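Here are the chains, one letter per residue:
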Protein chains: 2
Amino acid sequence: MPNYAIIVAGGKGERMGQQLPKQFLELAGKPILMHTIEKFYNTSPEFKIILALPENQFDYWEELCYKYGFTKIPHQLVAGGKTRFDSVKNALKLVTENGIVAIHDGVRPLVSIQTITNCIAAAQINGNAIPVVDVVDSIRFVSKQENTNKAVPRSCYKNVQTPQCFKTEIILKAYEQDFDESFTDDASVVEKLGYQINLVEGNTENIKITSPIDMAVAVVLLAR
Amino acid sequence: MPNYAIIVAGGKGERMGQQLPKQFLELAGKPILMHTIEKFYNTSPEFKIILALPENQFDYWEELCYKYGFTKIPHQLVAGGKTRFDSVKNALKLVTENGIVAIHDGVRPLVSIQTITNCIAAAQINGNAIPVVDVVDSIRFVSKQENTNKAVPRSCYKNVQTPQCFKTEIILKAYEQDFDESFTDDASVVEKLGYQINLVEGNTENIKITSPIDMAVAVVLLAR
């Protein structure tokens, strides 16, 4: 029974203050995306890896693979859509056998093998699992309508990471739904079907690289 | 009209995996706490700086000040209490004139002068102000009683930082209240009196150093 890893790399680079989409930025000698793909391969070479990338970046990715000698890890390319939802939906068309689908942000290269393994294992038992970590800062709920805000206990909240893992039949059914504003990640799509989401402890280093500061932080974390 | 800066450094070091309390860890050539104090001095040398520190660390702090030649910035020491609430309460005993009180975590050395200035200015107008930044990750609300969790829109939440700034009469009155479990920071103490809290944009670098990873991140951020 194969497991699938869908790596979503939709970045067009606007938030990094530079032209190059963030998934291609070089981190410790190679593009972020290669680190991310390697994490899944190193967890299990049996993963069927599907990379959702904007179609106009396909050629550039192939150039990069050639340049960095990144030819060992088989992966299928699929055209990203306008939104993350569309990208995942396109990638799911390549999921044809029963198993687990792990959906992961391309710009989270610091996920640990332990996190991937734990999420896959929990999804095999419970149908789904996502990695979460404690909220460290105090947080406030802000009501824009009422122009008010109030302290909320941070122990009642968790920060959500990826890979978000699901049995194939569940995630395929979930992505048949029409897009909804409440879909902030894959778990929220599955939740809309009525499933309870299972939380697994993630690794705090598993940050999403979206700013130049994150990039600097990732360099340090990767060197540790 | 003087402004006060209360720097709360209650750390006993347990979370850093070493004996030395985290506020004394060396960052770019000097203890974290010295960076923090300098930020307020550099914002305005007129700040009356009060440092709340566990009483058994007073001698060590004086040794450090001597060792690092940290003698230029006047500051008063006050004994920290069992909890952060007690420490702030003790420090407030030294607030004798009307003005603004800025209460800041000793382990947030990366606060910007802009953040301090903006919060003080907003508190002068509105009575209080605290710095907040956007929540970056998806978050979930977790109900331990019901053993359930659900996605919540992260745009409705803000991460809270320090310095939390208040007019003296408001913060003095707030800290006359008995301790309550809902007091997670100074704003929540003031909120309990019925005040609406004013939010000011903070700086994302203004992290609280509580883990070895944070420490590594702080080194990078400080070098930028």
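All values derive from a computational prediction rather than experimental measurement. (Residues numbered from 1 in each chain as written. Chains lettered and ligands numbered in written order. Predicted model: local features only at pLDDT ≥ 70, side-chain atom pairs only at ≥ 80, totals over all residues. Heavy atoms only, no water.)

Undergrad: Could you clarify how one ought to interpret the environment of I213(A) in this entry?
TA: Its location among the elements puts I213(A) in helix α7 (residues 212-223). In this structure I213(A) comes out as buried when scored by relative accessible area, which is 17%. A sequence separation of 53 residues divides I213(A) from V160(A), and the C-alpha atoms of the two residues are 20 Å apart. Apart from the residues lying within four places of it in its own chain, the contact partners of I213(A) are T204(B), E205(B), L221(B) and R224(B). (Helix = DSSP H or I, 4+ residues; strand = E, 2+ residues; numbered from the N terminus. Buried < 20%, exposed > 50% of the residue type's maximum accessible area, 1.4 Å probe, protein only. Contact = heavy atoms within 4.5 Å.)

Undergrad: Help me out: how do you make sense of the packing of aromatic side chains in this one?
TA: Aromatic ring pairs: the centre-centre distance and the angle between the two ring planes describe each pair. What the rule picks out here adds up to 19 aromatic pairs over all chains. With 5.4 Å between their ring centres and 70° between their planes, F141(A) and Y157(B) make a pair best called edge-to-face. Pair noted here: F141(A) is in strand β8 (residues 138-143) and Y157(B) is in strand β10 (residues 157-160), and the two residues belong to different chains. A connected cluster of aromatic rings, assembled from ring pairs, spans F24(A), Y60(A), W61(A) and F70(A). (Phe/Tyr/Trp six-rings, centres within 6.5 Å; stacked < 30°, edge-to-face > 60°.)

Undergrad: So what exactly am I meant to see when it comes to the confidence of the model for chain A here?
TA: The predicted coordinates of low-pLDDT regions are not to be read in fine detail. With 97% of its residues at a pLDDT of at least 70, chain A reaches an overall mean of 93. The ipTM value of the predicted complex is 0.89, and its pTM value is 0.87. (pLDDT = per-residue confidence, 0-100.)

Undergrad: Even after reading the chapter, I still don't get helix α4 (residues 113-126) of chain A, so can you show me in this structure?
TA: The periodicity of an α-helix, 3.6 residues per turn, causes residues three or four positions apart to be oriented the same way. Residues and elements named next belong to chain A. With 14 residues, α4 extends 20 Å from end C-alpha to end C-alpha; this agrees with the ideal 20 Å at 1.5 Å per step. Turning to α4, its buried residues are T115, I116, C119, I120, A122 and A123. Mapping the buried residues of α4 onto a view down its axis gives an arc of 170°, with all of them on the same face. Exposed residues lying more than 90 degrees from the buried face of α4 are Q114 and I125. For α4, the secondary structure elements touched by its buried residues are β1 (3-8), α1 (32-43), β6 (100-105), β7 (128-134), β11 (164-167) and β12 (199-201). Two residues or fewer past α4, G127 is found with a positive phi of approximately 95°. (Expected span 1.5 Å × (residues − 1). Arc of directions from axis to C-beta.)

Undergrad: Sorry, what's going on with the interface of chain A and chain B here?
TA: Accessible area lost on assembly of the parts is the figure often given for the size of an interface. Counting residues at the interface gives 38 residues for chain A and 38 residues for chain B. Regarding the contact of chain A and chain B, the summed buried area is about 3500 Å², with carbon and sulfur atoms giving 54% of it. Between the two partners, chain A and chain B, sit four salt bridges. For R140(B), the salt bridge is made with E191(A), and the minimal N-O distance between the two is 3.0 Å. At the surface where chain A touches chain B, the tally comes to 19 residue pairs in polar contact (both at pLDDT 80 or more). Within the residue set of the side of chain A that touches chain B, elements represented by two or more residues are β8, β9 (148-152), β10 (157-160), α6 (186-191) and α7 of chain A. Per-element accounting of the side of chain A that touches chain B gives the leading share, six residues, to α7(A). Of the residues contributing to the side of chain A that touches chain B, the split by class is 18 nonpolar, ten polar and ten charged. Direction of pairing for β10(A) relative to strand β8 (residues 138-143) of chain B: antiparallel, over a ladder of four bridges. Following the sheet pairing, Y157(A) is matched in β8(B) by F141(B). (Buried area = accessible area lost by both parts, 1.4 Å probe. Salt bridge = Lys/Arg side-chain N within 4 Å of Asp/Glu carboxyl O. Polar contact = N/O pair within 3.5 Å; in protein donor to acceptor, adjacent residues only side chain to side chain. Nonpolar A, V, L, I, M, F, W, Y, C, P; charged D, E, K, R; others polar. Pairing = 2+ DSSP bridges.)

Undergrad: Explain the pattern of salt bridges to me, please; I cannot follow it from the model alone.
TA: Opposite charge on two side chains permits them to pair, given that their charged atoms come into close proximity. Residue and element names in this part refer to chain B. Within the structure shown, the criterion is met by 16 salt bridges over all chains. One salt bridge connects K158 with D134, and the closest N-O pair in it is separated by 2.5 Å. One end of the pair, K158, is in strand β10; the other, D134, is in strand β7 (residues 128-134), and 24 residues separate them in sequence. Residue classification places K158 among the buried residues on the basis of a relative accessible area of 16%.

Undergrad: Looking at this structure, I do not really get the relation of the copies chain A and chain B. What am I missing?
TA: For these two chain copies, the linking operation is a rotation about an axis paired with a shift along it. When chain A is brought onto chain B, the operation consists of a screw motion whose angular component is 180° and whose axial shift is 0.0 Å, with 0.0 Å RMSD remaining. Expressed as an axis order, the relation between the two copies is that of a two-fold axis. Proximity to the rotation axis, assessed at the C-alpha, singles out V217(A) in chain A; its C-alpha lies 2.7 Å from the axis. Here 97% of the contact residues of chain A are again contact residues in chain B; the copies associate through an equivalent surface. (Least-squares fit on C-alpha atoms with pLDDT ≥ 70 in both.)

Undergrad: Hey, could you run me through the packing of helix α1 (residues 32-43) of chain B against helix α4 (residues 113-126) of chain B in this one?
TA: Relative orientation and spacing of two packed helices are given, respectively, by the angle between their axes and the distance between those axes. Residues and elements named next belong to chain B. One can describe the packing of α1 onto α4 by two numbers: an axis separation of 9 Å at closest approach and a directional angle of 60°. Regarding the angle of α1 to α4, the classification is oblique. Taken as a pair, α1 and α4 cross one another with a handedness that is right-handed. Here α1 contributes K39, F40, N42 and T43 to the contact with α4, which in turn contributes I113, I116 and T117. (Axes fitted to C-alpha atoms, helices over the stretch in contact; angles between N-to-C directions. Parallel < 35°, antiparallel > 145°, perpendicular 65-115°, else oblique. Left-handed = near helix turned anticlockwise from the far one by under 90°.)

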